[in-house]
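Below, each chain spelled out in residue letters.
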Amino acid sequence: MKKAHNDPDSCIACTSCVAYCPVSAVTRKYAGPKMMGPALERFRGVDPNTEFSLEYCSNCKNCDISCPSGVPISTLNMLAKSKMYKSKRHSLLEWILAHSDIVSKLASPIASLANFGMANPVTQWILKKVGVTDEMKLPSYAGKTFTRQFRDFRQHSFPDKVVFFPGCYINYYEPDIGMDFVAVMQENHFEVVLPEGLDCCGSPLVIQGYLDEAVGKGRDNIASLKAWIDRGVPVITCCTSCGLMLKMEYQELMELEYMDKLAENTYDSSEFLLELHDQGRLNLELAPLTGRYIYHSPCHLRAQGIGRPSLEVLNLIPGIGIEDADAGCCGQSGTYGFQVDRHEIAMAIGEPVFQRIKEYEPDAIVSDCSGCRMQLSQATGFPALHPMTLMRRSYEAAKP
């Protein structure tokens with residue numbers, strides 16, 4: 001995968017990016033991807049004080065997906081945001097959202113106390129003063145991180161191995177999804193490896209303008225993964241934002257050794273299962289699952305250009321009823337919807353998806369992205385699952 005060129009002159013001003021930008025569709029606060037990306041990029045070298053609505057870009061990548069000329073508009077925006085914060089001070093909220101891994105690392109050992117504290121009205125009042133909306137329920141820390149659960153789990157050893165990149169959200173908030181993935185890999189005779197030294201992928205840092213710190217995260221992750229990739233062991237993610245960073249954004253935003261090799265050997269979990277199926281290697285001893293499910297494809301998955309592998313894999317489960325929502329962006333975009341001044345925008349963006357789900361009345365929503373699952377579940381009242389959870393249920397139900 002080649003590093004994207006950041007040439008704004010490739011823009012032909014067709015406004016496709018504007019038409020597909022979910023933020024521009026619901027608010028005038030954002031000047032739009034064409035203006036904030038290629039148009040302003042031509043002036044930033046002359047006058048750095050040209051940014052006036054860059055903070056409203058959610059980095060959802062829909063502008064990149066829609067651009068017929070291949071201009072990496074979101075990359076221009078993220079690079080510009082990083083440059084803007086060389087002379088502008090970050091707010092406390094921006095620091096917290098960017099460094100959620102540090103906050104989670106401190107809170108996780110006292111998860112029950114931290115969760116109790118977060119639910120306290122005084123804490124919620126303080127958070128709102130900082131800039132966190134009280135219209136969304138914050139996720140709860142897991143009692144035991146994925147890393148700890150994985151270390152305590154005894155796997156069957158197999159010659160074939162995969163490296164798992166859990167990411168911060170699965171590690172601290174939804175470790176069960178990571179364990180679901182491990183169980184699915186075991187059913188397919190793969191041993192899962194969790195290398196020492198893995199760090200946050202850097203996505204929260206990039207969106208808040210801490211690009212230099214994100215580069216450090218990328219360098220550390222490559223150092224941890226390199227030996228395994230050299231041995232031909234693929235890297236798998238269950239988080240579409242982590243996958244996007246490892247596959248694409250390291251290349252688009254950073255100059256790191258070995259990042260091309262990392263991109264070539266990184267897979268989304270369903271993408272990897274689908275490849276096994278194409279090779280005739282996927283375990284198809286799957287028990288029927290009843291129920292109605294609706295699938296939401298995250299923007300950061302669509303940006304990878306690999307289709308909807310989860311839909312294809314889940315449809316291998318006998319009897320499953322699952323439909324593609326196909327209704328656009330959910331609006332959450334990582335931490336975007338948690339911010340007081342952007343929560344209303346996020347909800348307006350997601351309204352078509354919410355309505356589609358409510359009309360379908362599923363037993364559960366299915367999505368590969370933690371932010372999407374959280375947003376859609378809270379907005380509609382239906383539970384939300386990761387595709388690996390359904391795969392594990394089907395495998396386990398097939399056992400005698």
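How each quantity is defined
- Throughout, a residue's number is its position along its own chain's written sequence, starting from 1.
- Two thresholds apply to this predicted model, a pLDDT of at least 70 for residue-level local features and 80 or more for giving and counting side-chain atom pairs, whereas whole-chain, interface and lining totals are computed over all residues.
- By convention in this description, side-chain values take in all heavy atoms of the structure and omit both hydrogens and water.
- At least two bridges found by DSSP between two strands is the condition for calling them paired.
- The helix and strand labels rest on DSSP assignments: H or I over at least four residues marks a helix, E over at least two residues marks a strand, and numbering proceeds from the N terminus.
- Throughout, an axis means a line fitted to C-alpha atoms (over the contacting stretch in the case of helices), and angles, computed between N-to-C directions, take values from 0 to 180 degrees.
- Pairs of residues are marked as contacts when any of their non-hydrogen atoms sit within 4.5 Å.
- Take a side-chain nitrogen of Lys or Arg and a carboxyl oxygen of Asp or Glu: if they are within 4 Å of each other, that pair is a salt bridge.
- Only protein chains enter the area calculation, which uses a 1.4 Å probe; residues under 20% of their type maximum are buried, those over 50% are exposed, and those in between are partly exposed.
- Surface patches are defined over residues having more than 30% relative accessible area and no salt bridge, joining like charges when they lie within 9 Å and nonpolar side chains (Val, Leu, Ile, Met, Phe, Trp, Tyr) when within 5 Å.
- The method behind every accessible area is Shrake-Rupley, applied with a 1.4 Å probe, and residues are considered shielded solely by the protein chains displayed.

J.: In this structure, what is going on with the sheet that holds strand β1 (residues 161-165)? I would like to understand it.
T.: Sheet strands pair via backbone hydrogen bonds, and the direction of the pair is either parallel or antiparallel. Read across the open sheet, the four strands follow the order β2-β1-β3-β4; overall the sheet is parallel. Of all strands in the sheet, those bounded by a partner on one side alone are β2 (191-193) and β4 (266-268). Here the average twist between neighbouring strands, direction ignored, is 40 degrees. As paired strands, β1 and β2 are joined by three bridges and run parallel to one another. The partner of Val 162 across the bridge, within β2, is Val 192. Helix α13 (residues 211-230) rests against β1, β2 and β3 (235-237) of the sheet, and its axis sits at about 170 degrees to β1. Of the strands in this sheet, β1, β3 and β4 are in contact with helix α16 (residues 269-278), which crosses β4 at around 95 degrees.

J.: Sorry if this is basic, but what is going on with the pattern of salt bridges here?
T.: Charged atoms that come close allow side chains of opposite charge to pair. Applying the stated criterion across every chain yields a total of 21 salt bridges. For Asp 152, the salt bridge is made with Lys 144, and the minimal N-O distance between the two is 2.6 Å. Here Arg 342 ties to Asp 341 by a salt bridge, and the two come within 3.8 Å at their closest N and O atoms. A relative accessible area of 37% means that Asp 341 is categorised as partly exposed. Residues participating in the shared-partner salt-bridge network are Lys 61, Asp 64, Glu 249 and Glu 252.

J.: Just to check I follow, could you spell out unusual backbone geometry for this structure?
T.: A negative phi holds for most residues other than glycine; trans holds for most peptide bonds. Even without a glycine there, the phi angle at Asn 59 is positive, about 60 degrees. Along the polypeptide, Asn 59 turns up in the loop between α2 (33-44) and α3 (62-66). Even without glycine at this site, Asp 326 takes up a positive phi of about 45 degrees. Checked against the element boundaries, Asp 326 lands in the loop between β6 (321-324) and α19 (340-360).

J.: I tried to follow a nonpolar patch on the surface on my own but got confused; where do I start?
T.: A cluster of nonpolar side chains, Trp 95, Ile 102, Val 103 and Leu 106, forms an exposed patch at the surface whose accessible area comes to about 360 Å². The element best represented in the nonpolar patch is helix α6 (residues 100-107), accounting for three residues. Examined against the element boundaries, Leu 106 turns out to sit in helix α6. Its relative accessible area of 66% is what places Leu 106 among the exposed residues.

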